[in-house]
Amino acid sequence: MLNACGQINSNQNSIKKTTTMENVISKPENPYYSNTDNTKLNVSDTEWKKVLSADLYAVAREADTERAFTGKMWQSETKGTYYCAACGLKLFKSEQKFVSSCGWPSFFEQENKNSVVFKDDNSYGMKRTEALCGRCNSHLGHLFDDGPEPTGKRYCMNAISLDFVPDGVTSTTGNLETIVLGGGCFWCVEAVYENLEGVKSVYSGYAGGTVENPSYEEVCTGRTGAAEVVEITYDKSKTNLDEIFQVFFTVHDPTTLNRQGADAGTQYRSAIFYKNENEKKVAESLIAALNEKVFSNKIVTTLEALQKFYKAESYHQGYYQNNKNQPYCQMVIQPKLEKFEKVFKDRLKKK
């Protein structure tokens, strides 16, 4: 990984001016998060550990490095703004990004002189320059001198350390809503919702168990009570809860108890984790209608009050996109995608 992080890319980029993005990301579990507040933070690692997911904490506070080519952002050319995933500070614009061969999101310039700060890193017997968030001092990645013009710099960032907001999102969080769903393997469900118009982000994770911030290995034992789930953030002006649920009941079998195909266990249960009574009522109404008119076997989808969503390890995020040639992706995920694309062909994101 460390050798790959030093690869050279000769792509050329030009600087363009963009308008300032407003605060559009909501992280109620993190009281230090803001896209508009630039005030320096002095928060202990003990406190950060309470509000950050385990994998983000490992990178941001312990200077861990995610595996190359596993993040969703490294080859993305979507226009928008990148923020610190720990505190929300604006770090980069898409016009400052280039697709590098290193496998991590790469930028040739920072958003302003205070957005990223640096210190010497002599770990692993190497002399490198560590890049840190200018507001919360979280580890972002490293700075190298092998980037494109006009700076010749390459900010090699961990994708998990970044939040991304595409251009065109000009409202505050008022139009954005989240829902947590479990429909078997989270790789499958994530891949589907990534393509639904109005969905802003999809993250694989865990919910519904008794173990705080469980690992994938712990969840796979079936003893934690947690289910593999996805957290979907969607724009209510472009889609709605009813459509989100319709997709959910189309792309998985809600009548098989604790099983989706060969994936068996309570961690693969069909579940809707509601955070308010409206979500629960919409789900109950749709389930009743489907039981009456569509499914011959009774729907066994559980309705569970959401206690907390735990984001899964970084290598699970965007799994289908990063592993399309794997047998599981071709034999299990691809058919679900094809069914979704056929049924909801008028609701697909424009490529």
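One structure accompanies this document, and this report is about it. Here the structure is a predicted model, which means the values were calculated and not measured.

## Notes on the overall build of the chain
When its secondary structure is counted, the chain shows 8 helices and 17 strands. Taken over the C-alpha trace, the chain has a radius of gyration of 21 Å; the compact-globule value for 351 residues is 20 Å, and the two agree within 12%. Sequence-distant contacts, at least 24 apart, represent 70% of the contacts inside the chain between residues at least 6 apart. Summed over its atoms, the accessible surface of the chain is roughly 16,700 Å², and 48% of this surface lies on carbon and sulfur atoms.

## Some details on the sheet that holds strand 2 (residues 90–93)
Spatially, the 3 strands line up as an open sheet ordered 2-1-9, and their pairing is antiparallel. Looking at strand neighbours, the two that pair on one side only are strand 2 and strand 9 (162–166), the edges of this open sheet. Strand-to-strand, the axes of this sheet are offset by a mean angle of 30 degrees, without reference to chain direction. Both strand 1 (residues 80–84) and strand 9 contribute to a ladder of 5 bridges, which runs antiparallel.

## Notes on the side chain of His 139
Note that His 139 resides in strand 7 (residues 139–144). On the basis of relative accessible area, His 139 is assigned to the buried category, the value being 3%. Each residue touching His 139, except ones within four places of it in the same chain, is listed here: Val 59, Ala 60, Ala 63, Asp 64, Glu 130, Ala 131, Leu 132, Asn 158 and Ser 161.

## Concerning helix 5 (residues 241–251)
Summarising burial for helix 5: 9 of the 11 residues are buried, a large majority. Among all positions in helix 5, only Leu 241, Glu 243, Ile 244, Phe 245, Val 247, Phe 248, Phe 249, Thr 250 and Val 251 are buried. Residue Asn 240 occupies the N-cap position of helix 5, its side-chain oxygen lying 3.2 Å from the main-chain nitrogen of Asp 242.

## Examining the packing of aromatic side chains
For any two aromatic rings, the description comes down to two numbers: the centre-to-centre distance and the angle of the planes. Per the counting criterion, the structure on display carries 13 aromatic pairs. Plain terms: the ring middles of Tyr 82 and Phe 164 are 4.6 Å apart, the flat faces sit at 45 degrees to each other, and that makes the pair tilted. Here Phe 164 lies in strand 9 and Tyr 82 lies in strand 1, a separation of 82 residues in the sequence. Residue Tyr 82 is classed as buried on the basis of its relative accessible area of 1%. Residue classification places Phe 164 among the partly exposed residues on the basis of a relative accessible area of 25%. With centroids separated by 5.6 Å and ring planes inclined at 85 degrees, the aromatic side chains of Trp 187 and Tyr 328 adopt a geometry described as edge-to-face. Pair noted here: Trp 187 is in helix 3 (residues 186–193) and Tyr 328 is in helix 8 (residues 327–343), with a separation of 141 residues, a long-range link. Accessibility expressed as a relative area gives 12% for Trp 187, which makes it buried. For Tyr 328, a relative accessible area of 23% puts it in the partly exposed group.

## Some details on the pattern of salt bridges
Opposite charge on two side chains allows them to pair when their charged atoms are near. Summed over the entire model, instances satisfying the criterion amount to 13 salt bridges. For Asp 163, the salt bridge goes to Lys 27, with nearest N and O atoms at 2.8 Å. Residue Asp 163 is located in strand 9, and its partner Lys 27 is located in the segment before helix 1 (45–51); the two are separated by 136 residues in the primary sequence. This pair shows no difference in class: Asp 163 is buried, exactly as Lys 27 is. One salt bridge in this structure joins Lys 275 and Glu 279, with 2.5 Å as the shortest N-O distance.

## Some remarks on helix 6 (residues 277–293)
The terminal C-alpha atoms of helix 6 lie 24 Å apart, and with 17 residues this matches the ideal 24 Å at 1.5 Å per residue to within 8%. When we look at burial in helix 6, the residues that qualify are Glu 279, Ala 283, Leu 286, Ile 287 and Leu 290. Down the axis of helix 6, the buried side of the element spans an arc of 105 degrees, and every buried residue falls inside it. Opposite its buried face, helix 6 presents the exposed residues Asn 278, Lys 281, Glu 292 and Lys 293, each directed more than 90 degrees away. Put simply, Asn 276 is the residue that caps the front of helix 6, since its side-chain oxygen is 3.2 Å from the backbone nitrogen of Asn 278.

## Remarks on the nonpolar core
In this structure, Leu 181, Tyr 193, Ile 232 and Ile 244 are the most contacted members of the largest nonpolar core, which totals 41 residues. When neighbours within four sequence positions are excluded, Leu 181 is seen to be in contact with Tyr 193, Glu 228, Val 229, Val 230, Ile 232, Ile 244, Phe 245, Phe 248, Ala 271 and Ile 272. Of all hydrophobic cores here, the second largest spans 29 residues; its members include Leu 56, Ala 85, Cys 87 and Leu 143.

## Regarding the environment of Lys 238
Along the polypeptide, Lys 238 turns up in the loop between strand 12 (227–235) and helix 5. Here the alpha-carbon distance between Lys 238 and Leu 196, two residues 42 residues apart in the chain, equals 10.0 Å. Apart from residues lying up to four places away in sequence, Lys 238 is in contact with Glu 197, Gly 198, Lys 200 and Arg 347.

Conventions adopted
- The numbering scheme is per chain: residues are counted from 1 as the chain's sequence reads.
- A pLDDT threshold of at least 70 governs which residues receive local features in this predicted model, and a stricter bar of 80 or more applies before side-chain atom pairs are shown or counted, although totals over entire chains, interfaces and linings include all residues.
- Computation of side-chain values covers all heavy atoms of the structure but excludes hydrogens and water.
- A helix here means a DSSP run of H or I that spans at least four residues, while a strand means a run of E at least two residues long, and both kinds are numbered starting from the N terminus.
- Only C-alpha atoms enter the radius of gyration; for comparison, a globular chain is expected to reach 2.2 Å times N to the power 0.38, where N is the number of residues.
- Contacts are assigned to residue pairs that have any heavy atoms within 4.5 Å of one another.
- Each accessible area is a Shrake-Rupley estimate made with a 1.4 Å probe; only the visible protein chains count as cover when residues are assessed.
- Pairing between two strands is assigned when DSSP locates at least 2 bridges connecting them.
- Angles shown run from 0 to 180 degrees and are taken between the N-to-C directions of axes, each axis being a line fitted to C-alpha atoms and, for helices, limited to the stretch in contact.
- Each residue gets one of three labels from its accessible area relative to the maximum for its type: buried under 20%, exposed over 50%, partly exposed in between, using a 1.4 Å probe on protein chains only.
- Residues adjacent in sequence count toward polar contacts only when both atoms are side-chain atoms; beyond that, a polar contact is any pair of N or O atoms within 3.5 Å, and within protein one must be able to donate a hydrogen and the other to accept it.
- Aromatic pairs are defined between Phe, Tyr and Trp rings, using the six-membered ring for Trp, whenever the two ring centres lie within 6.5 Å; interplanar angles under 30 degrees are classed as stacked, those over 60 as edge-to-face, and all others as tilted.
- What makes a salt bridge here is a side-chain nitrogen of Lys or Arg within 4 Å of a carboxyl oxygen of Asp or Glu, nothing more.
- Residue count minus one, scaled by 1.5 Å, sets the expected span of a helix.
- What the arc covers is the set of directions going from the helix axis to the C-beta atoms.
- We define the nonpolar core as a collection of buried residues of types Ala, Val, Leu, Ile, Met, Phe, Trp, Tyr and Cys that are connected through side-chain atoms lying within 4.5 Å of one another.

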